[in-house]
Amino acid sequence: MKTIQDFMKSAIHLKIIKFYHENQASIDTPRGIATWVNEERAVVKNALEDLVKLKVLVAHRSTSTTGYSYTRDKKIVARIGRLLT
Amino acid sequence: MEEEKINSHAYHQELFNRLRKSVNLQKEEECFGCYIKSTLWWLLEKTKPKIPDLKKLISNSCSCLKNRVSKRRSKCLGILADAINKAAANRTIVKFSCPEGLNGFVHPIMQGDKLYGYIGSCYTGREIPSELLDIFASYTNTIVTEVQKELELSKLYETLRPRAIALSTVHTVHRLIGSTLNLNELLPRIARLSLQIMRANRCSIKLIDAKKKVLLPKATIDLRQKKARLKKVKVGKHAPGKAVKLGRPIRGADYLATPLIDEDVIGVITIYDKVDGKPFTAFDQEIMSTLAEQAVIAIKNAQLYKEQEKLTVGSIKSLAAVLDRRKPGTYVPRASFVRITLAMGQDLHMDSDTLKSLEYASILHDAGEIVVPDEVLTKPSKLTGKEYDMVKEHPAAGVEIIKHIKALKSVIPIILYHHENYDGTGYPKGLKKDRIPLSARIMAIVSAFEAMITNRPYRVSKNINEAISEIAKNAGTQFDPKLVDVFLKVMRRKDIRQVLENELRARSAEDAA
């Protein structure tokens with residue numbers, strides 16, 4: 001299984017992680033995140049799901065859309081903080 | 001005012017940082033420097049510099065100043081200060097000559113009328129023609145304007161981006177909470193999303209009671225505790241009660257109570273304890289107020305939907321009661337049948353809308369019997385062919401009754417086909433196997449079971465076990481064998497059997513009395 005470090009080697013995953021680390025209160029759809037990180041929606045959607053599996057993100061699913069938010073796990077947030085610096 | 005001053009100072013500093021890094025300005029210095037033989041260019045951030053500032057600015061770079069005695073150095077700095085003052089007063093480029101016989105100039109850096117500092121050159125070996133200075137001034141102004149625009153754009157981006165992200169978050173939350181009409185699902189969802197946005201540890205949503213005196217806890221999520229406390233709060237008491245009474249947010253260091261206001265206050269969302277331990281801010285209050293505005297719409301919609309649903313179920317039950325009265329001597333244990341039907345649907349992982357349709361159908365599946373004459377329904381002997389044809393019309397008649405009720409649209413195929421047999425020998429269309437809708441195949445089993453354990457004018461009812469065996473016996477012919485397995489599994493459940501037996505026993509006792 002891939003780790004957070006592994007995913008941070010991918011530019012798109014890194015961009016998403018950075019975005020959420022800088023905007024920890026954000027909840028957004030794949031379309032919204034695609035705008036913030038300036039990438040294609042489909043690619044962003046897959047990356048978001050990868051990060052949900054890693055528990056870096058939380059998925060809020062409803063019938064019409066899925067909103068993704070940053071983890072509330074302090075250890076994961078701190079680890080990402082260290083990796084980003 | 002203080003904040004404005006800080007911002008202005010930061011802008012000033014950033015402007016000069018960018019000017020120092022400006023490639024265009026460096027090129028300009030190279031070009032003009034090449035012609036005027038200048039070896040010293042400087043940027044001065046202060047609008048009213050003092051002599052020590054000037055000394056610091058050029059003394060270390062100006063080779064002639066370095067070598068001169070302090071008297072001549074002071075004179076040189078004095079000339080420069082005069083030129084700067086003149087440039088500031090006239091808002092124009094000013095030339096000067098130093099005691100060493102060298103030349104220089106000072107150009108004010110401005111935006112509109114506002115002076116930010118100066119750009120200048122010393123130690124120029126050549127007399128600088130005024131025309132050239134005009135070109136220099138004009139080109140420098142263009143560069144400064146460009147840098148100022150860049151700076152403003154970047155400031156705008158920094159200001160707008162977090163707001164755009166917050167707005168996008170609010171929009172996503174709106175979509176997430178607007179997609180459910182189930183209040184039991186909606187309120188915890190609002191609480192969870194509020195916690196996420198506020199990065200807080202606890203959220204409680206309370207709705208006001210009918211008398212508008214007490215706030216009833218409806219959803220509480222505490223991320224630090226597995227079980228959250230559910231407490232009633234009197235209107236006017238504590239932060240949530242005060243927020244409701246006053247109709248405005250109540251903010252403390254570790255709590256933020258935001259009233260849910262429609263035409264009137266309907267409740268309150270209270271957030272407690274930020275994860276980072278910081279106090280709630282005015283910005284948090286603004287975001288929570290926006291979220292509360294959206295939450296209240298979603299809550300009102302869900303409440304209206306619930307009311308409408310109650311009304312629909314009420315009408316269905318009334319209709320079922322009327323139908324029951326037409327079958328003297330029979331009693332249909334509706335609650336048990338609804339339960340069996342729903343249990344089968346749940347076992348098949350049907351979604352909530354389909355389950356709802358099944359529930360309504362289990363109450364209404366024989367609504368069409370209203371068109372069958374009493375003497376046929378209550379006939380104790382075998383029906384004639386013509387009479388049986390009348391009975392066979394009841395599914396279509398049932399559809400006629402409910403088709404005008406929009407909420408029951410999805411119930412139509414269940415009612416219409418619940419007398420179809422799996423082998424195609426049923427009515428009204430003689431559909432086979434999977435061509436019969438799944439819900440209608442479920443209803444066929446449950447309604448047959450219901451008929452068997454209910455007394456009819458023409459026969460005595462079977463007991464529960466006999467009826468179950470009969471259903472099992474007809475798997476693959478009258479009933480879908482896979483669904484019969486599900487039915488048998490459901491009927492093995494103690495809770496289901498218990499409710500059915502209790503319901504039948506209560507009715508027997510009532511009859512005996």
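These lines cover the structure that appears in this document, whether it is placed above or below. (Residues numbered from 1 in each chain as written. Chains lettered and ligands numbered in written order. Predicted model: local features only at pLDDT ≥ 70, side-chain atom pairs only at ≥ 80, totals over all residues. Heavy atoms only, no water.)

### Concerning the overall build of chain A
Helix and strand counts for chain A stand at five helices and three strands. Its helices and strands in sequence order give chain A the pattern α-α-β-α-α-β-β-α, from N to C terminus. For chain A, buried positions account for 48% of its 85 residues. Considering only residue pairs separated by 6 or more positions, chain A has 50% of its internal contacts joining residues 24 or more positions apart. As displayed, chain A has an accessible area near 4,600 Å², and 52% of this comes from carbon and sulfur atoms. (Helix = DSSP H or I, 4+ residues; strand = E, 2+ residues; numbered from the N terminus. Buried < 20%, exposed > 50% of the residue type's maximum accessible area, 1.4 Å probe, protein only. Contact = heavy atoms within 4.5 Å. Areas by Shrake-Rupley, 256 points an atom, 1.4 Å probe, with all protein chains shown as cover.)

### Notes on the overall build of chain B
Across its full length, chain B holds 19 helices and ten strands. Classification of the 513 residues of chain B by burial places 46% in the buried group. Across chain B, the fraction of contacts at a sequence separation of at least 24, relative to all contacts at a separation of at least 6, is 59%. Of the roughly 27,800 Å² of accessible surface on chain B, 53% is carried by carbon and sulfur atoms.

### Thoughts on the side chain of His365 of chain B
All names here are of chain B. Secondary-structure assignment places His365 in the loop between helix H11 (352-364) and helix H12 (374-377). Accessibility expressed as a relative area gives 1% for His365, which makes it buried. Polar contacts involving the side chain of His365 include one to the main-chain carbonyl oxygen of Ser362, which spans 3.2 Å. In terms of polar contacts, His365 uses its side chain to reach the side chain of Glu450, at 3.3 Å. (Polar contact = N/O pair within 3.5 Å; in protein donor to acceptor, adjacent residues only side chain to side chain.)

### What about helix H4 (residues 41-53) of chain A?
Residues and elements named next belong to chain A. Taking 1.5 Å per residue as the helical rise, H4 with its 13 residues ought to reach 18 Å, and the 19 Å between its terminal C-alpha atoms agrees with that figure. Among the residues of H4, those classed as buried are Val44, Ala47, Leu48, Leu51 and Val52. For H4, the arc enclosing every buried residue in end-on projection is 145 degrees, short of the 170-degree limit, so these residues lie on one face. Along H4, the residues that are exposed and aim more than 90 degrees away from the buried face are Asn46 and Lys53. Positive phi shows up at Lys55, right after H4, with a value of about 65 degrees. (Expected span 1.5 Å × (residues − 1). Arc of directions from axis to C-beta.)

### Details of the nonpolar core
Residue and element names in this part refer to chain B. With 52 residues, the main nonpolar core has Ile340, Met344, Ile445, Phe449, Ile471, Phe487 and Met491 as its most contacted residues. Here this core gets ten residues from one element, more than from any other, and that element is helix H16 (residues 438-453). Residues contacting Phe487, with those up to four places away along its chain left out, are Ile340, Met344, Ile445, Phe449, Ile468 and Ile471. Counting residues in hydrophobic clusters, the runner-up holds 35 residues, among them Leu176, Ala191, Ile269 and Ala298. (Core = buried A, V, L, I, M, F, W, Y, C linked by side-chain atoms within 4.5 Å.)

### Considering the sheet that holds strand E3 (residues 103-111) of chain B
All names here are of chain B. Read from one edge to the other, the open sheet built from four strands follows the order E1-E4-E3-E2, with strand pairing classed as antiparallel. Across the chains shown, the open sheet's two edge strands, defined by having one partner strand only, are strand E1 (40-44) and strand E2 (94-97). Geometrically, the sheet is characterised by an average inter-axis angle of 20 degrees between neighbouring strands, direction not taken into account. Looking at chain direction, E3 and strand E4 (residues 114-124) are connected through eight bridges and run antiparallel. Note on E4: the bridge partner recorded for Met110 is Leu115. Where helix H2 (residues 23-36) meets the sheet, it contacts E1, E3 and E4, and its direction lies at approximately 140 degrees from that of E1. In this fold helix H3 (residues 51-58) packs onto E1 and E4, with an angle of close to 140 degrees to the strand it touches most, E1. (Pairing = 2+ DSSP bridges. Axes fitted to C-alpha atoms, helices over the stretch in contact; angles between N-to-C directions.)

### Thoughts on the sheet that holds strand E2 (residues 57-61) of chain A
Residue and element names in this part refer to chain A. Read across the sheet, three strands follow the order E1-E3-E2 without closing on themselves; strand pairing throughout is antiparallel. This sheet does not close on itself; its edge strands, each paired only once, are strand E1 (27-28) and E2. Taken together, the five bridges between E2 and strand E3 (residues 66-70) define a ladder with antiparallel strand orientation. Opposite Leu57, over in E3, you have Tyr70 as the bridge partner.

### Regarding the pairing of strand E9 (residues 255-261) of chain B
All names here are of chain B. Among the seven residues of E9, five are classified as buried, and the element is accordingly described as predominantly covered. Between strand E8 (residues 250-251) and E9, which pair antiparallel one after the other, the connecting turn spans three residues. Two strands pair when backbone bridges link them, and E9 and strand E10 (residues 265-274) are joined in this way by seven bridges, in the antiparallel orientation. Each residue of the ladder has a partner; that of Leu256, found in E10, is Ile271. Hairpin connection, E9 to E10: the antiparallel pair is bridged by three residues.

### Digging into a nonpolar patch on the surface
Residues and elements named next belong to chain B. Residues Leu153, Leu156 and Leu160 make up a contiguous nonpolar surface patch of roughly 310 Å² in combined accessible area. Tracing the sequence through the fold places Leu160 in helix H6 (residues 130-178). Accessibility expressed as a relative area gives 49% for Leu160, which makes it partly exposed. (Patch = residues over 30% accessible without salt bridge, like charges linked within 9 Å, V, L, I, M, F, W, Y side chains within 5 Å. Salt bridge = Lys/Arg side-chain N within 4 Å of Asp/Glu carboxyl O.)

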